[in-house]
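Fold and geometry: a report
Residues per chain, in single letters:
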Amino acid sequence: MRTASLNIEAKVFETKQITAAIRLIRFEVPSGVLEMEAGAHVTFDVPKGGRIITRSYSVVDDGKAPHALTIAVRLEPASKGGSKYMCLLTPGDSIVISGNGNVLRPAFSGQSYLILAGGIGVTPMTGMVRALKRTGKPLSMIYCARAPEDAAFVPELREVLGNALQTRFDSLGQTLNVPELIAGLAPDTLVFMCGPRGMMDAVKSAWRDRGLPIENLRYETFANSGSLTSVPFRVTVEESGRSVEVGEDESPLDALLASGHEVLSDCRRGECGLCKLHVIALDGPLDHRDVFLSDHERAARDSICACVSRLGGGHMHLKIDDIHHGRSA
C-alpha cells in the first residue's frame with residue numbers, strides 16, 4: 001500500500017470529549033475523495049513552530065455520521081504538537097489532509113473472525129466490526145484498556161456485537177492471557193488487531209509458536225506505541241556533517257526535513273520502509289516503533305525507520321545515501 005498524496009481542506013463541524021483523554025472530531029470533506037473503508041487512515045498537516053508536521057489518525061465509524069470524516073484523538077500528556085493541536089480544534093476550524101491510505105482492509109476469507117483492540121487502537125476497529133458483521137460469520141471482539149473510564153466506543157461496539165464483545169481492564173485485574181487465547185483459536189480464524197506494542201508483540205509471538213497461518217493475522221500499529229518514553233535526542237547526518245535536535249513530540253523524519261535534509265518517505269506510519277536510514281553509530285537505546293523491519297534487522301541496530309522510531313535519549317549518527325541511492329542532504 002502506498003499512501004495517496006492529497007491536499008484537501010477539512011472543516012471541523014463537531015467535537016466531543018468521549019473519555020478524559022480522547023476527543024472525537026468530525027470533519028466536513030468533499031464527497032468521494034477520501035478512502036474511508038474500515039481500517040483507513042488520514043494524515044493531517046499540523047502547524048508547529050512555523051513549520052508543518054504530519055500526524056495520521058484512523059477513520060472512525062461509530063454509525064452516527066456516515067458521510068463525515070470522523071477521528072478520535074488521544075491527548076498525549078506531554079504533547080506540544082500533534083495531539084494537543086488536534087484536541088484544541090473547534091467547529092469552524094479547518095485543517096489540511098495531505099495523505100490517505102489503508103493497510104488494514106477487511107478480508108472475508110475466514111470462517112470466523114476475532115478483533116483485538118488495545119487502548120486507542122480501538123479506532124480502526126469501529127468500522128471493522130461493522131464490515132465483518134455483514135458477512136454473517138462468527139465474529140467476536142476483545143477490547144483491552146487501562147480502566148472502564150478510558151475505553152472509548154463501548155456502547156457503539158456493544159450495539160453491533162452484543163455479548164460477542166468482551167472487555168478487559170487492567171484496573172480490575174482483567175489481564176488478557178494471550179497464549180491461552182491464541183491456543184484456543186480455530187486454525188481458520190482471521191484475527192485483526194491494533195494496539196500497544198506489548199500486546200501486539202505477545203500475540204505475534206504466540207501466533208508463531210502455534211504455527212498458525214501468518215496471512216490470517218492482520219494488524220497495524222501507531223507511531224507512539226514504542227517501548228520507551230519519548231524524550232529529546234540528537235542526530236548527526238553523515239552527508240552534511242550537521243547535528244539536528246529531535247524533540248519529544250516529533251519524529252526524526254520531521255526534524256530532518258525541517259532542517260533541510262532530503263529524506264524519502266511515504267506512509268509516515270512505520271509500514272512502508274521508504275524512510276529507512278542507515279545507523280552508523282549510536283549511544284542511546286533504540287526504540288523501533290515500525291512494523292517494517294525484521295527481527296534480524298532490529299537486532300543489528302544499524303537501521304531505523306525515521307518516520308516513527310527514535311532513541312530513548314542520547315545521540316545517533318545517520319547516513320541517508322546508503323539507502324536512498326545517491327540522494328543527499
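Residues numbered from 1 in each chain as written. Predicted model: local features only at pLDDT ≥ 70, side-chain atom pairs only at ≥ 80, totals over all residues. Heavy atoms only, no water.

Per an unreviewed UniProt entry, the protein carries the name Vanillate O-demethylase ferredoxin subunit and comes from Rhizobium skierniewicense.

**Brief notes about unusual backbone geometry**
For phenylalanine 153, which is not a glycine, the phi torsion comes out positive at approximately 65°. With respect to the helices and strands, phenylalanine 153 occurs in the loop between strand S8 (139–145) and helix H3 (154–161). In this structure phenylalanine 153 comes out as buried when scored by relative accessible area, which is 6%. The residue arginine 301 is not glycine, and still its phi comes out positive at about 55°. (Helix = DSSP H or I, 4+ residues; strand = E, 2+ residues; numbered from the N terminus. Buried < 20%, exposed > 50% of the residue type's maximum accessible area, 1.4 Å probe, protein only.)

**A few points about the sheet that holds strand S2 (residues 22–28)**
On the basis of which strands lie adjacent, the open sheet formed by 6 strands has the order S4-S3-S6-S1-S2-S5 and antiparallel pairing. The open sheet has two edge strands with one neighbour each: strand S4 (51–58) and strand S5 (69–74). With strand direction ignored, the average angle separating the axes of adjacent strands in the sheet is 40°. Pairing between strand S1 (residues 4–17) and strand S6 (residues 94–102): 6 bridges, direction antiparallel. Across the sheet, residue alanine 10 finds its bridge partner in S6, namely isoleucine 95. (Pairing = 2+ DSSP bridges. Axes fitted to C-alpha atoms, helices over the stretch in contact; angles between N-to-C directions.)

**Comments concerning the pairing of strand S11 (residues 217–220)**
Summarising the sheet, strand S10 (residues 189–194) and S11 pair through 4 bridges and their orientation is parallel. Residue pairing in the sheet places phenylalanine 192 in a bridge with arginine 218 of S11. Taken together, S10, helix H5 (residues 197–210) and S11 form a β-α-β motif whose crossover is right-handed. (Right-handed = clockwise from strand over helix to strand, strands pointing away.)

**Describing the domain arrangement of the protein**
Assigned domains within the protein: domain 1 (8–101), domain 2 (112–220) and domain 3 (233–319). Taking only C-alpha atoms into account, the centre of domain 1 sits 24 Å from that of domain 2. Residue-level contacts link 15 residues of domain 1 with 15 residues of domain 2. Summing both partners gives a buried area of about 1,300 Å² for domain 1 against domain 2, and 62% of it is carried by carbon and sulfur. Its largest share of buried area at the contact with domain 2, domain 1 owes to Ala38, Asp61 and Arg74, together 31% of the area lost on that side. Put simply, domain 1 and domain 2 have 2 salt bridges between them. Here aspartate 61 makes a salt bridge to arginine 130, at a shortest N to O gap of 3.9 Å. The tally of links from domain 1 across to domain 2 stands at 5 residue pairs in polar contact (both at pLDDT 80 or more). Contributing elements (two or more residues each) for the side of domain 1 that touches domain 2: S2 and S5. Looking at the side of domain 1 that touches domain 2 residue by residue, the class counts come to 7 nonpolar, 4 polar and 4 charged. (Domains from an automatic or database assignment. Contact = heavy atoms within 4.5 Å. Buried area = accessible area lost by both parts, 1.4 Å probe. Salt bridge = Lys/Arg side-chain N within 4 Å of Asp/Glu carboxyl O. Polar contact = N/O pair within 3.5 Å; in protein donor to acceptor, adjacent residues only side chain to side chain. Nonpolar A, V, L, I, M, F, W, Y, C, P; charged D, E, K, R; others polar.)

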